[in-house]
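Each chain is listed here by its residues.
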Amino acid sequence: MDAAPSGSGAGGIPRLPELDSTAGFLADGYEFGRRRFTQLGTDAFRTRLMGRPVTVIFGAAASRRFGDGRHFSRERALPSTVQHLLQDVGSVQTLQDGAHHHRKSLFIEVLQPAQLARLKDRFAEEWWEVRARADGSPISVPDASAVALTRAALAWCGLPVHHVDTARLSRYLVSMFENAARVGPAHWQARARRRRTERWAREAIELVRSGGLRVAEDAPVAVLAGHADAPQPGDAGGRPLPVDVAAVELLNLLRPIVAVSRFLAFTALALIEHPEWRVPVREDGHGGDRGRVRWFVDEVRRTAPFFPVVGGTARTPFDWHGGRIEAGDWVMLDLWATNHDPRIWEDPDRFDPDRFAGWSGDPDTLIPQGGGFLEEDHRCPGEGATIALMSEFATSFATAQVEVPEQDFSVDLRRFPAIPADRVRVAFPS
Ligand code: HEM
């Protein structure tokens, strides 16, 4: 990239010299924003992506502003191809204000700590099974754990695991987040798989509603099936969610739980590359997800490439870094650059879980799953679940005897989402 900005855009926010930065985004991948923030010495810049004007921002203050529940919606925040494979139409992410609040409370309810303990315990059992079935042969951590997570997520939701082809469902759920950023045949195949999975999810919701499938009252699928829509102006609301919306939200529980497999790949890799962390992780990990196991997991979340950015549309005009953001402007919060911001994280490229001993705890500094407020905005409600699953996995991995075949651990940061080249293959000798 040519480092010289071609003027300041509107106000004090520099504009990149090239007409459109899509090629630069694809060439630099996760590092796209970070390189430009550093070279220009700025917290924000303007450019175009896919022909559309965008302002890219980063840092803790940007995260707070982006997620304060007042300044941004997620309307037109992502290209529609990405949105269809991830959160999808009618989901919590497409809502605002009261309707969002109401729907978000559903996710917060089903993901509360008591529920997470069940999810974590079930995952521990399923991961044990996967390891036992491999019988000492090498397995890929992300691929094998995706199956264990699919089975754990189904059981946790209250759905019968034995009636489902879990290997296939796992492949379908994985293909949604693996292909969201792609175009062409892989993307279209993932869309077709998504439609089939939505059909299955609609049937599951209908079965629960009709009583054809009996589930515990507090099982996530029962809470979801019984959840009523928010009241609308002139309408008391209170009707169950339309079945297609409930099905989309069921997938918004299952798919991201399976996506944690990506973080598990980087958890395993970190324990392989930093074996001195095996003892602290297993010592503290047997007690849950606090202490050094939590530092380790948070350092993996900070450094592992998953979502590079989140997009939003400004709802109201405001001044930012000497420039002006107008209502309707497309803005991207750079998660990767914030998680590597040298003003927050000393020597940000170094893997160092001990840095969390002195961390302020400011939730807008560590934002691999989005920033801002959980209840008022779109911050991921699955952070607790992610941390619980990663802690469980890290403890089990640090306790096990592990053989690591020769392989390529390099990570291509131009690929979304990125993954080590040989998909972290390990064996657990019996
Ligand atoms: C691999 C781990 C995960 C990552 C990297 C991740 C990342 C994210 C990101 C970046 C957002 C968007 C935030 C925004 O727009 O500001 C989000 C939202 C969301 N995530 Fe996660 N997530 C993960 C795990 C989970 C889990 C385990 C669940 C549920 C079981 C979950 C459910 C959701 C939901 C429902 C939303 C939409 C929230 C809203 O719009 O209010 N995620 N996540």
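Our structure's up above, just so we're on the same page.
Below is a short write-up of the structure. Note that the structure is predicted; figures quoted are calculated from it, not measured.

### Things to note about the overall build of the protein
Moving on, step 1. A count of helical and extended segments in the protein gives 15 helices and nine strands.
Moving on, step 2. Radius of gyration (C-alpha) of the protein: 22 Å, near the 22 Å computed for a compact globule of 430 residues.
Moving on, step 3. The dimensions of the protein, computed from C-alpha atoms along their principal axes, are 60 × 60 × 45 Å.
Moving on, step 4. Here the protein, with 430 residues, has 54% of them falling under the buried criterion.
Moving on, step 5. Residue pairs at least 24 apart in sequence account for 71% of intrachain contacts in the protein once pairs closer than 6 positions are excluded.
Moving on, step 6. Carbon and sulfur atoms form 52% of the exposed surface of the protein, whose accessible area is close to 18100 Å².

### Considering the pairing of strand β1 (residues 44-49)
Moving on, step 1. By the criterion of burial, β1 is predominantly enclosed, with five of the six residues buried.
Moving on, step 2. Here β1 folds back onto strand β2 (residues 52-57) in antiparallel fashion, the turn holding two residues, of which M50 has a positive phi close to 50 degrees.

### Topic: the coordination of the iron atom of the ligand
Moving on, step 1. The sole protein-derived ligand of the iron atom of the ligand is C380 (SG), positioned 2.3 Å away.
Moving on, step 2. Relative to the assigned elements, C380 resides in the loop between α14 (335-339) and α15 (383-399).

### Some points on the site of the ligand
Moving on, step 1. Around the ligand, a shell composed of 27 residues is seen, among which R74, H100, K104, H378 and C380 lie nearest.
Moving on, step 2. Contacts to the ligand include K104, whose side-chain N or O atom sits 2.9 Å from an oxygen atom.
Moving on, step 3. Between the ligand and H378, the relevant distance is 2.7 Å, taken from an oxygen atom to a side-chain nitrogen or oxygen of the residue.
Moving on, step 4. If you list the elements that add at least two residues to the shell around the ligand, you get α5 (97-110) and α11 (243-273).

### Quick word on the pattern of salt bridges
Moving on, step 1. In total, this model carries 36 salt bridges according to the counting rule given.
Moving on, step 2. A salt bridge links R151 to E126, with the nearest nitrogen and oxygen atoms 2.9 Å apart. Here R151, found in helix α7 (residues 141-157), pairs with E126, found in helix α6 (residues 113-134); they are 25 residues apart in sequence, far enough to count as distant.
Moving on, step 3. Since its relative accessible area comes to 19%, R151 is described here as buried.
Moving on, step 4. Overall, the relative accessible area of 7% leaves E126 in the buried class.
Moving on, step 5. Between R290 and D289 there is a salt bridge, with its nearest N and O atoms 3.7 Å apart.
Moving on, step 6. When salt bridges with common partners are traced through the structure, they connect R294, D298, R301, R379 and E383 into a single cluster.

### A closer look at the packing of aromatic side chains
Think of a pair of aromatic rings as described by two things: how far the centres are apart, and how the planes are tilted against each other in angle.
Moving on, step 1. For the coordinates displayed, the defined rule picks out 22 aromatic pairs.
Moving on, step 2. Where F72 meets F318, the ring centres are 5.8 Å apart and the plane angle is 85 degrees; that geometry is what we call edge-to-face. Linking F72 in strand β3 (residues 72-73) with F318 in strand β6 (residues 318-320), this pair joins segments that are 246 residues apart in sequence.
Moving on, step 3. The exposure class of F318 is buried, given its relative accessible area of 7%.
Moving on, step 4. Arranged with centres 5.3 Å apart and planes meeting at 80 degrees, the rings of F356 and W359 form a pair that is edge-to-face.
Moving on, step 5. F356 gets classed as buried once you look at its relative accessible area, which sits at 7%.
Moving on, step 6. The rings of F25, Y30, F32, F37, F45, F58, W336 and F416 are connected pair by pair, giving a single aromatic cluster.
Moving on, step 7. The cationic tip of R52 hangs over the ring face of W330; the distance from NZ or CZ to the ring centre is 4.2 Å.
Moving on, step 8. The residue whose ring lies beneath R131 is F428, and the NZ or CZ to ring-centre distance is 4.3 Å.

### Side note on the side chain of R193
Moving on, step 1. Note that R193 resides in helix α9 (residues 185-210).
Moving on, step 2. Buried within the structure, R193 lacks any salt-bridge partner; E178 is the closest side chain of opposite charge, at an N-O distance of 7.6 Å.
Moving on, step 3. Setting aside chain neighbours within four positions, we find R193 in contact with R171, Y172 and S175.

Cut-offs applied
- Residues numbered from 1 in each chain as written.
- Predicted model: local features only at pLDDT ≥ 70, side-chain atom pairs only at ≥ 80, totals over all residues.
- Heavy atoms only, no water.
- Helix = DSSP H or I, 4+ residues; strand = E, 2+ residues; numbered from the N terminus.
- Rg over C-alpha atoms; globule rule 2.2 N^0.38 Å.
- Buried < 20%, exposed > 50% of the residue type's maximum accessible area, 1.4 Å probe, protein only.
- Contact = heavy atoms within 4.5 Å.
- Areas by Shrake-Rupley, 256 points an atom, 1.4 Å probe, with all protein chains shown as cover.
- Pairing = 2+ DSSP bridges.
- Donors = N, O, S within 2.8 Å, 3.2 Å for Na, K, Ca; no water.
- Near = heavy atom within 4 Å.
- Polar contact = N/O pair within 3.5 Å; in protein donor to acceptor, adjacent residues only side chain to side chain.
- Salt bridge = Lys/Arg side-chain N within 4 Å of Asp/Glu carboxyl O.
- Phe/Tyr/Trp six-rings, centres within 6.5 Å; stacked < 30°, edge-to-face > 60°.
- Lys NZ or Arg CZ within 6 Å of the ring centre and 35° of its normal.
- Lys, Arg positive; Asp, Glu negative; His and termini not counted.

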